[in-house]
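A look at the structure
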Amino acid sequence: MLLDLREIIGVPGGKVLFDFAPDMTDAAIGSVVRVTQPRAAGNVYNRAGVLTFSANVDAICQCVCARCLKEFSYPVHKLITANLTEGGEGENPDGYFLQGDKIDAGEIVLTEFVLDMDEVLLCREECAGLCEDCGSDLNEGPCSCKKKIDPRLAVLGQLLDNSD
């Protein structure tokens, strides 16, 4: 979504409001499979000649748990802020450049959203994951696998068996 900022570029205290559904089809990263119901609302504010982009972004991420591989929904709320500049490439690595007197709000929201997301997400904090031998879901109970003994300690186990 292109925002026209021509009315506020030379007007300190000027503000342009926006509210839109950003395209988040490219937001799949790490555990996030897809993003649904995205909404971005905020403003671009001219504070003494410095343009500041500010947005509240809400979405529901469909994710795959990094431990048990089950799909789950993860509601996300992020506050995004960014500085906007009129300069050319390389002048401000922390900001976004105006395209004439416009800015692509969708690009800013998508970039900042992806950069701020955790790559590894869990369905719940205490997720036990999968058994590395049989693949059973340990959240549903213990598996029937025998505990493996560290080969470096196997000799000690034999000593204990012989002491009877």
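In what follows, the accompanying structure is described. Every value quoted in this text rests on a predicted model; they were computed, and no experiment measured them. (Residues numbered from 1 in each chain as written. Predicted model: local features only at pLDDT ≥ 70, side-chain atom pairs only at ≥ 80, totals over all residues. Heavy atoms only, no water.)

With respect to the nonpolar core
- Ranked by size, the top nonpolar core spans 38 residues in total, and within it Leu5, Val44, Phe53, Leu84 and Phe113 carry the most contacts.
- At the level of secondary structure, the elements contributing two or more residues to this core comprise strand 2 (15-20), strand 3 (32-47), strand 4 (50-64), strand 5 (71-85) and helix 1 (105-116).
- Per-element accounting of this core gives the leading share, seven residues, to strand 4.
- Once you skip the residues sitting within four places of it in the chain, Leu84 turns out to touch Leu5, Val44, Leu51, Phe53, Tyr96, Leu98, Ile103 and Ile108. (Core = buried A, V, L, I, M, F, W, Y, C linked by side-chain atoms within 4.5 Å. Buried < 20%, exposed > 50% of the residue type's maximum accessible area, 1.4 Å probe, protein only. Helix = DSSP H or I, 4+ residues; strand = E, 2+ residues; numbered from the N terminus. Contact = heavy atoms within 4.5 Å.)

As for the pattern of salt bridges
- In the structure shown here, the tally under the stated rule is eight salt bridges.
- With a shortest N-O distance of 3.4 Å, Glu140 and Lys70 are connected by a salt bridge. Taken together, the residues span a long stretch of sequence, with Glu140 in the loop between helix 1 and helix 2 (154-162) and Lys70 in the loop between strand 4 and strand 5 at a distance of 70 residues.
- Here Arg124 makes a salt bridge to Glu126, at a shortest N to O gap of 3.5 Å.
- Here the residues in one salt-bridge network are Asp4, Arg6 and Asp101, joined through shared partners. (Salt bridge = Lys/Arg side-chain N within 4 Å of Asp/Glu carboxyl O.)

Overview of helix 1
- Counted at 1.5 Å a residue, the expected span for helix 1 with its 12 residues is 16 Å, and the 16 Å between its end C-alpha atoms agrees.
- Buried residues of helix 1: Ala105, Gly106, Ile108, Val109, Leu110, Phe113 and Val114, and no others.
- Sitting at the head of helix 1, Asp104 places a side-chain oxygen 3.2 Å from the backbone nitrogen of Gly106. (Expected span 1.5 Å × (residues − 1). Polar contact = N/O pair within 3.5 Å; in protein donor to acceptor, adjacent residues only side chain to side chain.)

Some thoughts on the pairing of strand 3
- Direction of pairing for strand 2 relative to strand 3: antiparallel, over a ladder of six bridges. Considered in strand 3, the bridge of Lys15 is made with Tyr45.
- The hairpin formed by strand 3 and strand 4 contains two residues between the paired strands, and Ala48 there has a positive phi angle of roughly 55 degrees. (Pairing = 2+ DSSP bridges.)

Description of the sheet that holds strand 6 (residues 95-97)
- Strands sit in the order 2-3-4-5-6 across an open sheet of five strands; the sheet is mixed. Bordering the open sheet on either side are strand 2 and strand 6, each of which pairs with just one other strand. On average, adjacent strands in this sheet sit at an angle of 25 degrees to one another, irrespective of strand direction.
- Contacting strand 2, strand 3, strand 4, strand 5 and strand 6, helix 1 crosses the sheet at an angle of about 125 degrees to strand 5. (Axes fitted to C-alpha atoms, helices over the stretch in contact; angles between N-to-C directions.)

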